[in-house]
Amino acid sequence: MSSTKVYFQLWIIFYFHFHAQPAISFHLQLPDIRTFRSCNIDKIYQLGASFSDTGNRVVEDPMIASSRLPYGESTFLGPTGRYSDGLLVIDYIALAAGLPLLNPYLKDDANFSHGVNFAVGGATALPANNFRVNGTNSSLGVQLEWMSDHFASQRNTDMHSSPRSLNNALFLVGEIGRNDYYFASIEGKTIEEARLMVPQVAEIIKNAVRRVVDFGAAQVIVPGVFPLGCIPSFQLTDFKSNDESGEDQCARELNDFTEFHNEYLQQTLIALQEENPHTTIVYADYYNAFKWLLQNAPNLGFDAASELKGCCGNVGDSLINGCGSSNVRVCSNPDRYISWDGVHFTQRAHSVLATLVAADLVQKLNCDVQVEDY
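This text gives an overview of the structure that appears in the document. Only a predicted model underlies this, so the values are computations on that prediction, with no experimental measurement involved. (Residues numbered from 1 in each chain as written. Predicted model: local features only at pLDDT ≥ 70, side-chain atom pairs only at ≥ 80, totals over all residues. Heavy atoms only, no water.)

### A word on the pattern of salt bridges
Within this structure, the stated rule accounts for nine salt bridges. Of the charged contacts in the structure, one is a salt bridge between Arg82 and Asp91, with a shortest N-O distance of 2.7 Å. Exposure class is identical for Arg82 and Asp91. Each is buried. Between Lys206 and Glu203 there is a salt bridge; the shortest N-O distance is 3.1 Å. You can see Lys206 and its partner Glu203 sitting in helix H7 (residues 198-215), three residues apart, about one turn around the helix. Accessibility expressed as a relative area gives 16% for Lys206, which makes it buried. A residue is classified by how much of its surface remains accessible, and Glu203, at 35% relative accessible area, is partly exposed. (Salt bridge = Lys/Arg side-chain N within 4 Å of Asp/Glu carboxyl O. Buried < 20%, exposed > 50% of the residue type's maximum accessible area, 1.4 Å probe, protein only. Helix = DSSP H or I, 4+ residues; strand = E, 2+ residues; numbered from the N terminus.)

Structure follows, in structure tokens:
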């Protein structure tokens, strides 16, 4: 299937999802994600881990679970290496910007004219060799080297290429850092020990932002970490607290830790913005977007009894056997679930999160929202 045909089919799905059926919430009216087109983004460059990976990890490991059904079952694309039943937040943001979906950097002969996705499932901010157990060697530093090689290649093939060509590009540095803490928990570290890692993780992210600014980035988005206490897999780690389940089914101590990371990261970005007055550096509040989604889940059409249970296996099954194993159940309607596999989110959850994040970015990027209704 040609890339043009794929983009057309995806755009039709996107249009009817957000335009012909505006009430995607049952009792709540969400912002109009299509206003993101007013930001005039012509390219997107994504760094990060599994919440943003559109197929790099599956190139590294073709036998990984996300390479086969039921991953991708909710979209005609099928399994692509995305860690969900369908599209991700970055996919919805790309479509909202009027761009095709981002191809993974490791895909042979891919079209990168509209941007590149460098994110890899299992990636850490810190170098992978900092951990005895890790998901991939393609940490944030490795992804930045890929990005450097990509831009060097572009300059070699296009004599007219210059930093100005990135004036309307959007760079996303993350979401990343979650895996650093997850692998630390597997190795037996406590929350108190993980707190000591936060300055180091934030410093790595800060240096990554500096690097993309050096590449010519004019607009940089740095997402915070999703609330770890609301992710079932984290509730099974050594990080869990005695007060592990509040009214919202989330582990409070884990969420307190996540807030500490996100607040530290935001302070780092404030200093970075002062260093780079001609670059827009924006924090994307994934944490509160997810908390809002969870708090309003029943009014958004999610099953209150299944909000944080994995659609693909229960938490124990999805972690031990892996979603995609023959003996792991899959729910009949993923749209009623927030969690896909106990670690990642469903396509429906991603669509709501993307809507909230994009609406916030329109304000922070000072986009001209006076656009035609298309």
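### A few points about the packing of aromatic side chains
Applying the stated rule across the entire model yields 20 aromatic pairs. Aromatic ring contacts, followed pair by pair, group Phe51, Phe226, Tyr286, Phe290 and Phe345 into a single cluster. Just above the ring of Phe260 sits the side chain of Arg195; from NZ or CZ to the centre is 4.7 Å. (Phe/Tyr/Trp six-rings, centres within 6.5 Å; stacked < 30°, edge-to-face > 60°. Lys NZ or Arg CZ within 6 Å of the ring centre and 35° of its normal.)

### Examining the state of the cysteines
In this structure the tally under the stated criterion is four disulfides. Here Cys311 is linked by a disulfide to Cys331, with a sulfur-sulfur distance of 2.0 Å. Of note, the bridge from Cys311 to Cys331 carries an S-S torsion of about -90 degrees and is left-handed in sense. Of this pair, Cys311 sits in the loop between helix H9 (286-295) and helix H10 (315-322) while Cys331 is found in the loop between H10 and helix H11 (347-364), placing the two residues 20 residues apart along the sequence. In this pair, the class of Cys311 matches that of Cys331, namely buried. What pairs with Cys312 in a disulfide is Cys323, and their sulfur atoms sit 1.9 Å apart. Between Cys312 and Cys323, the S-S dihedral sits near 100 degrees, and the bridge is therefore right-handed. Of the two residues, Cys312 is situated in the loop between H9 and H10 and Cys323 in the loop between H10 and H11; the sequence distance between them amounts to 11 residues. Each member of the pair, Cys312 as well as Cys323, is classed as buried. (Disulfide = S-S within 2.5 Å.)

### Examining the sheet that holds strand E1 (residues 43-47)
Taking strand neighbours across the sheet as the criterion, the five strands line up as E2-E1-E3-E4-E5 in an open arrangement whose pairing is parallel. Only two strands of the sheet have a single neighbouring strand rather than two, namely strand E2 (115-117) and strand E5 (280-284). Each strand axis lies, on average, 20 degrees off the axis of its neighbour in the sheet, ignoring direction. Across five bridges, the pairing between strand E4 (residues 219-223) and E5 is parallel. Across the sheet, Ile221 pairs through a bridge with Val282, a residue of E5. In this fold helix H8 (residues 252-275) packs onto E4 and E5, with an angle of close to 170 degrees to the strand it touches most, E5. Across the sheet, H11 lies against E4 and E5, angled at about 150 degrees from E5, the strand it touches most. (Pairing = 2+ DSSP bridges. Axes fitted to C-alpha atoms, helices over the stretch in contact; angles between N-to-C directions. Contact = heavy atoms within 4.5 Å.)

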